Every structure is written in C-alpha cells, then in structure tokens.
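# Observations on the model geometry
Okay, here's what each chain looks like letter by letter:
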Amino acid sequence: MPLLLEETIPGGGHTSLVLKRGQVLRLTDLQGGANLSVLMLNAHEKSERLNLPDSLKCQHTARLTAGHCLYSDMGRVLAAIVRDSCGCHDPLGGVSDAREVAAQYGVGRYQELRNGFHRNGQDNLLVEMGKWGLNIQDLLMTLNLFSRVDVSESGGLHFVPGNSKAGDLVELYAPMDTLVLLTAIQHPLDPSPHYDPQPVRMELERADAAVAEICRLSCEENQRGFINTDRIYL
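These lines cover the structure that appears in this document, whether it is placed above or below. Residue numbering note: each chain is counted from 1, following its sequence as written. For a predicted model such as this one, the threshold for reporting local features is a pLDDT of at least 70, and the threshold for listing and counting side-chain atom pairs is 80 or more; totals across whole chains, interfaces and linings nevertheless cover every residue. Excluded from the side-chain calculation are hydrogens and water; included are all heavy atoms of the structure.

### Brief notes about the nonpolar core
Buried together is how nonpolar side chains tend to be arranged in soluble globular proteins. If you look at the biggest cluster of nonpolar residues, it comprises 31 residues, and the most contacted ones within it are L27, L36, M40, F146 and L182. Within the second largest apolar cluster, twelve residues are counted, among which are V24, C69, V77 and A80. To form a nonpolar core, buried Ala, Val, Leu, Ile, Met, Phe, Trp, Tyr and Cys residues must be joined to one another through side-chain atoms within 4.5 Å. Think of it in three bands: with a 1.4 Å probe and only protein chains considered, a residue is buried below 20% of the maximum accessible area for its type, exposed above 50%, and partly exposed in between.

And the structure:
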C-alpha cells in the first residue's frame with residue numbers, strides 16, 4: 001500500500017503522531033546502534049497508557065519482539081509487534097534525563113555546539129507531550145526499541161552493545177487509535193562515553209488486520225486482549 005508518511009527522526013530528535021486503527025508504523029535503524037524510546041497512550045482518552053509490567057506479565061516474557069502486544073492499563077492492545085528483524089527490545093531500562101547525560105557525556109550546551117548540543121530522552125518526550133496537553137506527571141516507563149538489556153541472576157541490568165544493525169526494523173500495528181511519542185536518543189545504560197544518538201526512519205501505511213494474527217494467536221491472553229480492544233469499536 002502507498003505510504004501515508006515517511007520521515008527520518010534525526011539522532012537526538014523527537015516526534016509524535018496518532019497511529020490510527022488499521023495502520024502500521026515501520027521504524028528502521030538507518031546506521032546501526034539506534035535506540036528509540038517510546039511512549040503510548042489511548043489517543044482519545046489519555047488517562048489510558050502503556051503498561052509495560054502488565055505487557056510482560058501476561059505474555060510471560062521480559063523481552064519484546066514479533067508476536068508480542070503492548071498493553072494499556074485497561075487491558076487493551078495499544079500496538080502489536082507484527083514484524084521484527086532485530087529480535088529483542090528493552091522494556092526495563094527507562095529513559096535518560098539531563099543529569100545522567102551530563103554525567104556520562106559532559107556538558108554539551110547549545111551555546112557551544114549549536115544543533116549538536118546534548119539532548120536527553122526525558123526532556124525530548126516532555127516537549128512532545130506538551131503538544132498533546134500532557135506534562136511530567138504523565139511521563140511513564142518507556143519502551144526502548146532496538147536496544148537489549150539482560151538481567152543477571154542478582155538482578156543487575158546489563159546493556160548489550162550491537163543489538164541492532166543498519167537496516168534492522170520493527171513494525172507496530174495499531175488495533176486502536178494510539179498516540180505514539182518517540183525520541184531517538186541513546187539508551188541510559190549504553191556504556192559508550194561518546195554522545196552519538198543514531199537516526200531512525202519512520203514510515204506509516206495502512207494494513208489489513210490479518211497482519212496482526214501473529215500476535216493475536218501467540219497466546220490466549222492476546223486473544224482476549226484483541227477482543228477487549230475491538231469492543232470499543234462495536
């Protein structure tokens with residue numbers, strides 16, 4: 001189907017859009033090593049938000065990939081991961097703030113670096129949230145696409161470098177109208193001493209609902225989740 005939207009989120013950049021029911025958002029790591037921090041909400045009732053703990057618990061996983069759903073706190077499917085060449089995406093590590101970025105990469109002010117100044121994930125998301133009437137009280141746990149974090153037996157979180165290669169992609173299908181906020185910023189656990197966030201291409205197109213069968217049929221909970229989601233459109 002023809003693309004409805006095609007644009008690139010530059011490294012350090014941010015954007016937001018409403019992913020409408022029946023659309024697919026394709027996200028591509030252009031150069032390798034990207035991290036895309038994502039928030040999701042019900043586009044029509046923004047008190048309904050992405051609930052990562054429930055998404056993991058009901059699907060018995062700590063790593064998200066094709067076949068998994070992203071649930072709201074109302075048990076509805078905000079998005080379904082219908083295609084994934086990367087194999088693992090991090091739901092645990094959260095998003096960076098200004099203090100963490102300064103501590104890891106040093107002071108990178110606009111006055112000296114102009115558009116190359118050091119951005120952070122929290123502030124980037126807050127800029128996008130403000131466009132939709134949201135503020136810091138609405139900032140929840142983020143999903144980090146293209147990044148992998150392993151958990152040790154003692155409970156420590158360990159960033160795995162090189163998880164995503166140039167050209168890796170993930171596709172998100174929307175069974176409901178979903179507000180998606182994104183920022184292409186380095187993962188807060190990335191050990192690199194260099195500030196170097198990578199760009200991500202974003203493409204939007206319509207899709208047949210059948211593309212989501214890989215998610216709907218992957219477990220009984222997801223079948224119930226899709227039924228619960230479809231009810232709001234009866």
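Having seen the model, we can carry on.
### Topic: a nonpolar patch on the surface
Patch criteria: residues need more than 30% relative accessible area and no salt bridge. Like-charged residues are merged within 9 Å; nonpolar side chains of Val, Leu, Ile, Met, Phe, Trp and Tyr are merged within 5 Å. Calculation of accessible area relied on Shrake-Rupley with a 1.4 Å probe; when residues are assessed, cover is drawn exclusively from the protein chains displayed. We define a salt bridge as a contact between a side-chain nitrogen of Lys or Arg and a carboxyl oxygen of Asp or Glu at a distance within 4 Å. Together, V151, L157 and L189 make up a nonpolar patch on the protein surface, roughly 230 Å² of accessible area in all. As for its placement among the helices and strands, V151 is situated in strand 8 (residues 149-151). V151 gets classed as partly exposed once you look at its relative accessible area, which sits at 47%. We count a stretch as a helix when DSSP gives it H or I for four or more residues in a row; a strand needs E for two or more, and each element gets its number in order from the N terminus.

### Remarks on the pairing of strand 11 (residues 178-184)
The buried count for strand 11 comes to seven of seven residues, which makes it a mostly enclosed element. Burial along strand 11 is two-sided: T178, V180, L182 and A184 and L179, L181 and T183, pointing in opposite directions, are all buried. Taken together, the six bridges between strand 2 (residues 14-19) and strand 11 define a ladder with antiparallel strand orientation. Following the sheet pairing, L19 is matched in strand 11 by T178. Strand pairing follows a simple DSSP-based rule, namely that at least 2 bridges must link the two strands.

### Side note on the environment of L50
By the secondary structure assignment, L50 is in the loop between strand 4 (36-42) and helix 1 (52-59). In this structure L50 touches V38, M40, S55, L70, Y71, S72, L78, L140 and M141, once residues within four positions along its chain are discounted. Working rule for contacts: check all heavy atoms of both residues, and any pair within 4.5 Å makes them a contact.

### A look at the sheet that holds strand 10 (residues 169-173)
Strand order in the open sheet formed by six strands is 1-12-3-10-6-5, with antiparallel pairing between adjacent strands. The outermost strands of the open sheet, each flanked by one partner alone, are strand 1 (5-9) and strand 5 (69-71). Averaged over all neighbouring strand pairs, the angle between strand axes comes to 20 degrees, with direction disregarded. Here strand 3 (residues 23-29) pairs with strand 12 (residues 200-206) via seven bridges, running antiparallel. Looking at the pairing, D29 lines up with V200 of strand 12. Helix axes are fitted only over the stretch in contact, all axes being lines through C-alpha atoms; the angle between N-to-C directions runs from 0 to 180 degrees.

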